[in-house]
Amino acid sequence: MSTFLPLLVTGVTLGSVLAVLSLGFAISYWPSRHFHFAYGSVFICATYAIWYVAADRGWPLAIGIVAGGGVAVVVGLACYFVFYRPLRDEQTIFLTSFALSILVQNVLQILFSANPQAIQLPHFLAGRAFSLSATAPVTVFALAEIVICLGIWALVELFLRRSRAGTGLRALSSDPFLTECVGIESRRLTALAYVIGSLLATVGAVFFALDYGLTPDAGTTPLFYAINAVLIGGTFSMTGAGLGGLLLGLVVNLGIWHLPSAWQTSIAFAVLFIILVVRPQGLLARAGT
Amino acid sequence: MVQYLLSLGPVVAIYVILAVSLNIVMGSTGVLTVAQAGFMGVGAYSTGLLTTDHHWPLIATLPVGWVIAGALGALLLLPALRIQGLLYAVVSFAFMVFATGVFTNANGLTHGALGVVGIPFFTVGPIHLTSNRDYCIAYCAIALVVVFIYYRLTASPLGVVLRAVRDDTDAAASVGVDTVRERLKVFVLGASLASLSGSLYAPLIHYVDPTTFTVFLSFLAITMVVFGGIGSVFGAVLGATLLTLLPDAITFIHLPSTTGGALAQIIYAGAVILVLRLRPRGIVPERNWRLRKRLAAMVAARQGAETVPQLEPGLAAGSDD
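Note that the structure is a prediction, hence the values are computed from the model and not measured.

### What to know about the overall build of chain A
Counting its secondary structure elements, chain A contains 12 helices and 2 strands. Each helix (α) and strand (β) of chain A, taken in turn from the N terminus, gives the series α-α-α-α-α-β-β-α-α-α-α-α-α-α. Against the 2.2 N^0.38 benchmark of 19 Å for 289 residues, chain A shows a C-alpha radius of gyration of 19 Å, consistent with a compact globule. C-alpha atoms of chain A, sized along the principal axes, occupy 60 × 45 × 35 Å. Here chain A, with 289 residues, has 54% of them falling under the buried criterion. Across chain A, every contact between residues at least 6 apart in sequence was considered, and the portion connecting residues at least 24 apart equals 75%. In the form shown here, chain A has an accessible surface area of approximately 12000 Å², with 67% of it arising from carbon and sulfur atoms. The distance from the centre of the 13 positive side-chain charges to the centre of the 10 negative ones in chain A is 9 Å.

### Structural notes on the packing of aromatic side chains
Residues and elements named next belong to chain A. Enumeration over the complete set of coordinates arrives at 40 aromatic pairs over all chains. Aromatic side chains phenylalanine 141 and phenylalanine 207 sit 5.8 Å apart centroid to centroid with 50° between the ring planes, which places their arrangement in the tilted category. Of this pair, phenylalanine 141 sits in helix 6 (residues 140-162) while phenylalanine 207 sits in helix 9 (residues 186-212), and the two are 66 residues apart along the sequence. Note on accessibility: phenylalanine 141 and phenylalanine 207 belong to one class, buried.

### Structural notes on the pattern of salt bridges
Overall, the coordinates contain 7 salt bridges over all chains when judged by the stated rule. Of the charged contacts, one joins glutamate 157 of chain A and arginine 161 of chain A as a salt bridge, the two residues approaching to 3.0 Å between their closest N and O atoms. Remark: arginine 161 of chain A and glutamate 157 of chain A occur in helix 6; sequence separation between them is 4 residues, near one turn of the helix. Of the residues examined, glutamate 157 of chain A reaches a relative accessible area of 13% and is grouped as buried. Classification of arginine 161 of chain A as partly exposed rests on a relative accessible area of 43%. Between aspartate 167 of chain B and arginine 166 of chain B there is a salt bridge, and its shortest N-O distance comes to 3.0 Å. We classify aspartate 167 of chain B as exposed; its relative accessible area is 55%. Because the salt bridges share partners, they merge into one network encompassing Arg181, Glu182 and Lys185 of chain B.

### Quick notes on the interface of chain A and chain B
Taken together, the contact pairs 39 residues of chain A with 42 residues of chain B. Of the roughly 3600 Å² buried between chain A and chain B on both sides combined, carbon and sulfur atoms contribute 83%. Counting across the interface, chain A meets chain B through 0 salt bridges. At the boundary of chain A with chain B, the tally comes to 1 residue pair in polar contact (both at pLDDT 80 or more). Contributing elements (two or more residues each) for the side of chain A that touches chain B: helix 3 (61-84), helix 4 (90-112), helix 10 (220-233) and helix 12 (264-278) of chain A. Taken together, the residues of the side of chain A that touches chain B sort by class into 28 nonpolar, 10 polar and 1 charged.

### Concerning helix 6 (residues 132-155) of chain B
Spanning 24 residues, helix 6 of chain B covers 35 Å between terminal C-alpha atoms, matching the ideal 34 Å at 1.5 Å per step. Residues of helix 6 of chain B that are buried: Asp134, Tyr135, Cys136, Ala138, Tyr139, Ala143, Val146, Val147, Tyr150, Leu153, Thr154 and Ala155 of chain B.

### Some remarks on the nonpolar core
Formed by 180 residues in total, the largest nonpolar core has its most connected members in Phe35 and Phe94 of chain A together with Val20, Leu76, Tyr139 and Phe213 of chain B. For this core, the leading source of residues is helix 9 of chain A, giving 14 residues.

### Notes on unusual backbone geometry
Notably, serine 113 of chain A is not glycine yet its phi reads approximately 65°, a positive angle. Among the residues examined, serine 113 of chain A registers a relative accessible area of 27% and is labelled partly exposed. With a phi close to 65°, histidine 206 of chain B is a non-glycine residue in the positive phi region. Here histidine 206 of chain B shows up in the loop between helix 9 (179-205) and strand 4 (207-208).

### Regarding the confidence of the model for chain B
Residue and element names in this part refer to chain B. Confidence along chain B averages 80 in pLDDT terms, with 87% of residues attaining 70 or more. Across chain B, element-level confidence peaks in helix 2 (residues 36-52) with a mean pLDDT of 92 and bottoms out in helix 14 (residues 311-318) with 43. Counting contacts from residues 308-321, a segment whose pLDDT is below 50, to residues more than four positions away or on other chains yields 6 contacts. Reported confidence for the predicted complex is 0.79 by ipTM and 0.81 by pTM.

### Things to note about the pairing of strand 2 (residues 136-139) of chain A
For a regular strand, side chains alternate in direction, first toward one face of the sheet and then toward the other. All names here are of chain A. Of the two faces of strand 2, the one lined by Ala136 and Val138 is fully buried and the one lined by Pro137 and Thr139 carries no buried residue. With 4 bridges connecting them, strand 1 (residues 128-133) and strand 2 associate as antiparallel partners. Within strand 2, the residue paired with arginine 128 across the bridge is threonine 139. As consecutive antiparallel partners, strand 1 and strand 2 are separated by 2 residues.

### A word on a nonpolar patch on the surface
All names here are of chain B. A surface patch of nonpolar side chains, about 510 Å² in accessible area, is lined by Val145, Phe148, Ile149, Tyr151 and Phe234. The greatest single-element share of the nonpolar patch, amounting to 4 residues, is contributed by helix 6. If you trace the backbone, phenylalanine 148 turns up in helix 6.

### Describing helix 2 (residues 39-56) of chain A
Residue and element names in this part refer to chain A. Over its 18 residues, helix 2 runs 24 Å from end to end, which matches the ideal 26 Å to within 8%, given 1.5 Å per residue. Among the 18 residues that make up helix 2, 15 are buried, leaving the element largely enclosed by the rest of the structure. Positive phi shows up at glycine 58, right after helix 2, with a value of about 80°.

### Considering the side chain of serine 237 of chain A
Turning to its location among the elements, serine 237 of chain A is positioned in the loop between helix 10 and helix 11 (238-254). When sequence neighbours within four positions are dropped, the list of residues in contact with serine 237 of chain A reads Trp30 and Leu284 of chain A.

### Here we look at the state of the cysteines
Here the structure, examined in full by the defined rule, presents 0 disulfides over all chains. With no disulfide of its own, cysteine 136 of chain B lies closest to cysteine 140 of chain B among cysteine sulfurs, the gap being 4.2 Å.

### Points about the packing of helix 7 (residues 157-167) of chain B against helix 9 of chain B
Residue and element names in this part refer to chain B. Running from N to C, helix 7 and helix 9 cross one another at 110°; their axes reach a closest spacing of 10 Å. Relative to helix 9, the element helix 7 is oriented roughly perpendicular. The handedness of the crossing between helix 7 and helix 9 is left-handed. On helix 9, the residues that touch Leu158, Val161, Leu162 and Val165 of helix 7 are Thr179, Glu182, Arg183, Lys185 and Val186. Split by residue class, the contact of helix 7 with helix 9 holds 5 nonpolar, 1 polar and 3 charged.

### Focus on the environment of leucine 129 of chain B
All names here are of chain B. Mapped onto the elements of the fold, leucine 129 is located in the loop between strand 3 (127-128) and helix 6. Between the alpha carbons of leucine 129 and valine 20 there is a distance of 24 Å; along the sequence they are 109 residues apart. Excluding its chain neighbours within four sequence positions, the residues that come into contact with leucine 129 are Phe121, Phe122, Asp134, Tyr135, Ala138 and Tyr139.

### Points about the side chain of serine 22 of chain A
With respect to the helices and strands, serine 22 of chain A occurs in helix 1 (residues 4-32). If near-sequence neighbours (up to four positions away) are discounted, serine 22 of chain A is found in contact with Ala226, Ala229, Val230, Ala241 and Gly245 of chain A.

Basis of the calculations
Numbers given to residues run from 1 along each chain, matching the order in which its sequence is written. Working convention: letters from A go to chains and numbers from 1 go to ligands, in the order in which they are written. Local features in this predicted model are restricted to residues whose pLDDT is 70 or higher, and side-chain atom pairs enter the listing and the counts only when it is 80 or higher, whereas totals over whole chains, interfaces and linings include all residues. Excluding hydrogens and water, the side-chain values take into account all heavy atoms of the structure. Only DSSP runs of H or I covering at least 4 residues are called helices, and only runs of E covering at least 2 are called strands; the numbering of each starts at the N terminus. Throughout, the radius of gyration refers to the C-alpha atoms, and the reference size of a globule is 2.2 Å times the residue count to the power 0.38. The buried label goes to any residue with under 20% of its type's maximum accessible area, the exposed label to any with over 50%, and the partly exposed label to all in between, with areas taken from a 1.4 Å probe on protein chains only. The contact rule is simple, with two residues in contact once any of their heavy atoms fall within 4.5 Å. Areas reported as accessible are Shrake-Rupley estimates using a 1.4 Å probe. Residue values count occlusion only from the protein chains shown. Positive charges come from Lys and Arg alone, negative charges from Asp and Glu alone, with His and the N- and C-terminal ends not counted. A charged residue contributes its charge at one atom only: NZ of Lys, CZ of Arg, CG of Asp or CD of Glu. By convention, a stacked pair of Phe, Tyr or Trp rings (six-membered ring in the case of Trp) has centres within 6.5 Å and planes under 30 degrees apart, an edge-to-face pair has planes over 60 apart, and any other such pair is tilted. Put simply, a salt bridge is a Lys or Arg side-chain nitrogen that is within 4 Å of an Asp or Glu carboxyl oxygen. Buried area counts how much accessible surface, traced with a 1.4 Å probe, disappears from two parts once they are put together, with both parts' losses summed. Whenever two N or O atoms come within 3.5 Å, that pair is a polar contact, provided that in protein one can donate a hydrogen and the other can accept it, and provided that, for residues adjacent in sequence, both atoms are side-chain atoms. Each residue gets one of three labels, nonpolar for Ala, Val, Leu, Ile, Met, Phe, Trp, Tyr, Cys and Pro, charged for Asp, Glu, Lys and Arg, and polar for the others, Gly among them. Each residue after the first adds 1.5 Å to the expected span of a helix. As used in this record, nonpolar core signifies buried Ala, Val, Leu, Ile, Met, Phe, Trp, Tyr and Cys residues forming a set joined through side-chain atoms within 4.5 Å. On a range of 0 to 100, pLDDT expresses the predictor's confidence in each residue. Between any two strands, pairing holds if DSSP finds at least two bridges. A patch consists of residues exposed above 30% relative accessible area that lack any salt bridge, with like charges linked at up to 9 Å and nonpolar side chains (Val, Leu, Ile, Met, Phe, Trp, Tyr) linked at up to 5 Å. Any two cysteine sulfur atoms within 2.5 Å of one another count as a disulfide. Axis angles are defined between N-to-C directions and span 0 to 180 degrees, where every axis is a line fitted to C-alpha atoms and, for a helix, only to the segment in contact. The scheme is simple: roughly parallel for angles under 35 degrees, roughly antiparallel for over 145, roughly perpendicular for 65 to 115, oblique for anything else. Each crossing gets its handedness from the near helix: less than a right angle anticlockwise from the far helix is left-handed, clockwise is right-handed.

Written as structure tokens, this is what we have:
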């Protein structure tokens, strides 16, 4: 049990962050069916903005986070308006988005070099909050990560279920044609979804950057987990995406209880593979979708 | 300069085979996949490991790669059958991350991050390749054979059936095509062919390591196919040739190697975005004059026989929406 509890702690922490990241992907994917592969670019641009302002310039972290959010929204909206909207079919959008993510990664590499960077964790976050056992301390930072991410998830759920725009987005997910028929305009709603998705990516970026540091290709792994989680979670279901993220964070950490940690991504693939073969519509999809 | 061009020849040939393997999957089933680099890695590792550690003759290592890659391709068909179109790209992406994980981490099997070193020269029976010129001739010959077979395949009955499965799976199934079996053939063939390109790569570079066979190599292959035209035979060849020569053209202007590599990637990505926007069907779009001619002949024969009057126009109108 000496390694189980620490793995559980990191699993819940990673799971909470992944829940937010997956939600950010799903919120634009299901309504628009644009496979926003460059979501990873939004994420990594936000990360570099935070690093540049907070670490390289030495300004407070809060300003860095605001800058990161701003950059993320600009990149997200640019993807939508400049690159995806003029294109018609899903496959072209996917390939364009894939190309964009490679473009962004290499531009970042030229601008900031491929060397790993780090952001110093503020002192008040580094201490220990409480301990599950002698070997499983929970830092203030980890606790903040879990609470903030789950809180944001709850807010997004509230938005999707209670607000007009949120209902519109869910309607677009299940039937874009009928939604337009009843006079809901999809363009502005989708743009809103991209803004929210980019902000959620920023939240994930903050925690990933503080936890693991950053390199120009650091957007790939979070993107990989988020896409996995969206597929695991279920067709058209944004709640499912969040749940998928939480589950995936837990599984890949508990999975390395007896395995080298390098196998985490392989575990995620195995989970996705099994779920797609057994239940291809995903965990939370309603029957008939 | 001549030596330099000769050294590029085999690389172009390998990429042509990789692009054709991808085009078989994408062009014949309409499924977008980024798994080809994984299959190429399977071939490269099979050949590399067996010829160095176990001193197998090269020719015996090829089928090993085909079988392993083919089996993995068949395995990947399972999710492909159950999910809608584009999501398969995601599954293949996940597979690539998995494959890179195995190449990097399975130290006992693949030597991990160290890679396989000292892979011997290409030797099959009396043929022993040592110089750039030998490699250039042999590899280009192999690539030509692959392209020719692929060209024949697109016009063959199998090619017609596959196109039918791609364009309308349900309609193909309704006229008695076993769509699962046809797609299985494509997945296995595409994976095996990618494995062949890997098996050729290993004795050319003499070194195989996990950083080569990543999702970015798959993207390069997709770029080549999209550039030339998905499903187009000569498009794949043209795309592979152009895009292999491009980064080498960039290295002629003397940039620091890190910037040069990144710049090449940026140009690739930018080119793909532009081509997709301006010519979404590629520079040499798929077309098949031979097939069209034969279909026209079939229609004419039917109308002449007058037992099946006016069937074709009705079908054409029905498939128009």
